[in-house]
Amino acid sequence: MTSEPGTEKRQFGHRARLALSPAEFQVMDDQAHAARTMWNCLHSWWQMMPKDKRSLAAADAAIRQARKDLDYLGKLPAQAAQAVLKTYFQAWKNCWGGRADAPNFKGRFRSVMSVDIPQGRDLQIKRVHRRWGMVNIPKVGRVRFRWTKDLPVGKTANTDHRITGARLVKDGLGWHIAFRITTLERTPQPHPGPEVGIDMGVSIPLALSDGNHHDHGRPPRLSDGTSDRDKWLSPDEKTKLLRLEQRAAHRKTFRKPKEKTSRRLHRTYDQIRALRAKATRRSIDWQHKTTTALAEQYGVIVVEDLHITNMTKTPAPKPDPENNGAYLRNGAKAKAGLNRSSLQEAWGRTVTMLTYKTARQGGTLVKVPAPYTSQRCSACGFLTPGSRETQALFVCKNPDCGWTGNADHNGARNVLHLYRIGHVAIPAAGRAVVRRTHGVKPVTAR
């Protein structure tokens, strides 16, 4: 693709829901299980082969032979099998580059069921109705999907604006198709909007330094103080979910050891999974709308460089001084509730959305170091113990200051101040380093 002056290539995805018959649904499930088995076979082959014989050509030959020897691997289209091989080798490249952990085996219930369609010309997309379109899926045939976005098909498609491939993904609501779209757009002009700092929390999901906080209107905790795992569901849906979970637990008691799960229990699990998927969809919808509004309003958005994996670790048990050989859980139950509430907010997904949406609007997303942003006073800059009295209240204990305000708002102001004085976390070689402008002191006048 040759870019014209003032234009840039942009790649994005569009997800649509498929309308499959029971037979087509079963074929897609078989292909997804074959793709997962192909990945596990590749990983086993990688571990058994010497390092000097791990090559793409040798792996490709092993895949071709496996498809001849194992009939159920033949259910997966040949191009989808090649996509599994390409994804596996790319996973190792990401590991060697420090961008991800080493690839591992995919479990039947832990991994997402998916099948890749690497070439866009195999899709043969056509719009047949105002709300429906048709797409060709290898070894399945023509399938309907929900048409909710104008796609570059037919006369509107060219070398600069086209669909390059797709990926079939299954969740609790069924099978979806995610189109990979490449388009040529004009380079956005620098965004003239103001700067803003964002503190991501649990009580207030997105607290802004200018006071324009964004809340999804769903309390993170129940009346008894425990975290609300199903806050994105309505009261009727919560009641239904509780009834389904009780029914599943009751039916599970009748299953003998090493006995297959009954169809009734499978159906109950599917209903539970559908409600969970509905809650996730509502959460993602709120994040998309909120991040779009932020990217359109602000020119520079500053967030904390959070290491969510380290933040949500279970605390290590400590030795019990009264009982030799025993260990204390060290508040593991309370930490588990906090971890659940933190993971529900999906802060990493929010930052990912802000990253590409600010770039599309001509803005900038900046990360600053996260330590002590919620404990330092944003008015005087002093770090005084006990200033954060509660989860929502911050009272500066500095006798010369005494600033009082919302704790999340205080953290957002500190986040913006770190950017203005030059404290920026710049990713380098897979790690975050702190860089400060020369001649600027860590604490300056607010």
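This text gives an overview of the structure that appears in the document. Being a predicted model, the structure only gives us computed values, none of them experimental. (Residues numbered from 1 in each chain as written. Predicted model: local features only at pLDDT ≥ 70, side-chain atom pairs only at ≥ 80, totals over all residues. Heavy atoms only, no water.)

**Some remarks on the overall build of the protein chain**
Link 1 in the chain: A count of helical and extended segments in the protein chain gives nine helices and 17 strands.
Link 2 in the chain: Taken across its 446 residues, the protein chain has 39% of its residues classed as buried.
Link 3 in the chain: Across the protein chain, contacts joining residues at least 24 apart in sequence account for 63% of those joining residues at least 6 apart.
Link 4 in the chain: Surface accessibility of the protein chain: about 26,400 Å² in total, with carbon and sulfur atoms responsible for 53%. (Helix = DSSP H or I, 4+ residues; strand = E, 2+ residues; numbered from the N terminus. Buried < 20%, exposed > 50% of the residue type's maximum accessible area, 1.4 Å probe, protein only. Contact = heavy atoms within 4.5 Å. Areas by Shrake-Rupley, 256 points an atom, 1.4 Å probe, with all protein chains shown as cover.)

**Some thoughts on empty space enclosed by the protein**
Link 1 in the chain: For the structure on display, the rule yields one cavity of 30 Å³ or more.
Link 2 in the chain: In this structure, the largest cavity occupies an estimated 80 Å³ of space.
Link 3 in the chain: G201, P205, L206, H216, W232, S283, W286, Q287, Q344, E345, W347 and T350 are the residues that line the largest cavity.
Link 4 in the chain: Only α5 (263–297), α7 (332–345) and α8 (347–360) provide two or more residues apiece to the lining of the largest cavity. (1 Å grid on protein atoms, 1.4 Å probe; cavity = no way out; pocket = protein on both sides within 12 Å on 5 of 7 lines; lining within 4 Å. Points joined across faces, edges and corners; volume = space filled by probe spheres on them.)

**As for the packing of aromatic side chains**
Link 1 in the chain: Using the criterion set out here, one finds 11 aromatic pairs in the structure.
Link 2 in the chain: The interplanar angle of 85° and the centroid separation of 5.1 Å between the aromatic rings of W39 and Y88 together place this pair among those described as edge-to-face. Of this pair, W39 sits in helix α1 (residues 22–48) while Y88 sits in helix α3 (residues 78–96), placing them 49 residues apart in sequence.
Link 3 in the chain: In this structure Y88 comes out as buried when scored by relative accessible area, which is 0%.
Link 4 in the chain: Joined through ring pairs, the aromatic side chains of W39, W46, Y88, F89, W92 and W96 make up one cluster. (Phe/Tyr/Trp six-rings, centres within 6.5 Å; stacked < 30°, edge-to-face > 60°.)

**Examining the layout of surface pockets**
Link 1 in the chain: Roughly 1,700 Å³ of volume is contained in the largest pocket.
Link 2 in the chain: Lining the largest pocket are 43 residues, and of these R15, R281, I284, D285 and H288 lie nearest its centre.
Link 3 in the chain: Among the secondary structure elements, those contributing two or more residues to the lining of the largest pocket are β1 (7–19), β6 (162–171), β7 (174–186), α5, α7 and α8.
Link 4 in the chain: Per-element accounting of the lining of the largest pocket gives the leading share, 13 residues, to α5.
Link 5 in the chain: Residues belonging to the lining of the largest pocket are distributed by class as follows: 14 nonpolar, 10 polar and 19 charged. (Nonpolar A, V, L, I, M, F, W, Y, C, P; charged D, E, K, R; others polar.)

**Considerations on the sheet that holds β7**
Link 1 in the chain: Taken in spatial order, the seven strands line up as β2-β6-β7-β1-β5-β4-β3 in an open sheet, and their pairing is antiparallel. A single partner strand is all that each edge strand has here, and the edge strands are β2 (114–117) and β3 (126–127). (Pairing = 2+ DSSP bridges.)

**So, the environment of S342**
Link 1 in the chain: Residue position: S342 is located in helix α7.
Link 2 in the chain: Given the relative accessible area of 9%, S342 is considered buried.
Link 3 in the chain: Dropping the residues within four chain positions of it, S342 is found in contact with V202, T312 and W347.

**So, the pattern of salt bridges**
Link 1 in the chain: Scanning all chains against the criterion turns up 16 salt bridges.
Link 2 in the chain: D29 is the partner of K170 in a salt bridge, and the nearest nitrogen-oxygen pair spans 3.2 Å. Highlighted residues: K170 in strand β6 and D29 in helix α1, separated in sequence by 141 residues.
Link 3 in the chain: In this structure K170 comes out as partly exposed when scored by relative accessible area, which is 22%.
Link 4 in the chain: Where E345 meets K231, a salt bridge forms, and the shortest distance between an N and an O atom there is 2.4 Å. Note that E345 is positioned in helix α7 and K231 in the loop between β9 (206–208) and α4 (235–252), a separation of 114 residues in sequence.
Link 5 in the chain: Connected through salt bridges with shared partners, the residues D116, R167 and R180 form a single ionic network. (Salt bridge = Lys/Arg side-chain N within 4 Å of Asp/Glu carboxyl O.)

**Remarks on the side chain of E304**
Link 1 in the chain: With respect to the helices and strands, E304 occurs in strand β10 (residues 300–304).
Link 2 in the chain: In terms of polar contacts, E304 uses its side chain to reach the side chain of T373, at 2.5 Å.
Link 3 in the chain: Dropping the residues within four chain positions of it, E304 is found in contact with I198, D199, M200, V368, A370, T373 and V415. (Polar contact = N/O pair within 3.5 Å; in protein donor to acceptor, adjacent residues only side chain to side chain.)

**A look at the packing of α1 against α3**
Link 1 in the chain: Interaxial distance between α1 and α3 falls to 10 Å at its minimum, and their mutual angle equals 50°. The angle between α1 and α3 places the two elements in the oblique class. In this structure, α1 meets α3 at a crossing whose hand is right-handed. On α3, the residues touching A35, M38, W39, L42, H43 and W46 of α1 are A81, V84, L85, T87, Y88, F89, A91, W92 and W96. (Axes fitted to C-alpha atoms, helices over the stretch in contact; angles between N-to-C directions. Parallel < 35°, antiparallel > 145°, perpendicular 65-115°, else oblique. Left-handed = near helix turned anticlockwise from the far one by under 90°.)

**Some points on α3**
Link 1 in the chain: Given a rise of 1.5 Å per residue, 19 residues ought to cover 27 Å, and the 28 Å separating the end C-alpha atoms of α3 matches this to within 8%.
Link 2 in the chain: All of the buried residues in α3 are A80, A81, A83, V84, L85, Y88, F89, A91 and W92.
Link 3 in the chain: Each element contacted by the buried residues of α3 is listed here: α1, α2 (56–69) and β2.
Link 4 in the chain: Where α3 ends, the next residue or the one after it, G98, has phi of about 80°, a positive value. (Expected span 1.5 Å × (residues − 1).)

**Observations concerning the nonpolar core**
Link 1 in the chain: If you look at the biggest cluster of nonpolar residues, it comprises 45 residues, and the most contacted ones within it are L18, V135, I137, F145, L168, I177 and F179.
Link 2 in the chain: The element that contributes the greatest number of residues to this core is α1, accounting for nine residues.
Link 3 in the chain: Those residues in contact with F179, other than ones at most four positions away along the chain, are F12, G13, H14, A16, L123, I125, V135, F145, L151, I163, G165 and A166.
Link 4 in the chain: Membership of the second largest hydrophobic core comes to 23 residues, among which are V196, L208, L241 and W286. (Core = buried A, V, L, I, M, F, W, Y, C linked by side-chain atoms within 4.5 Å.)

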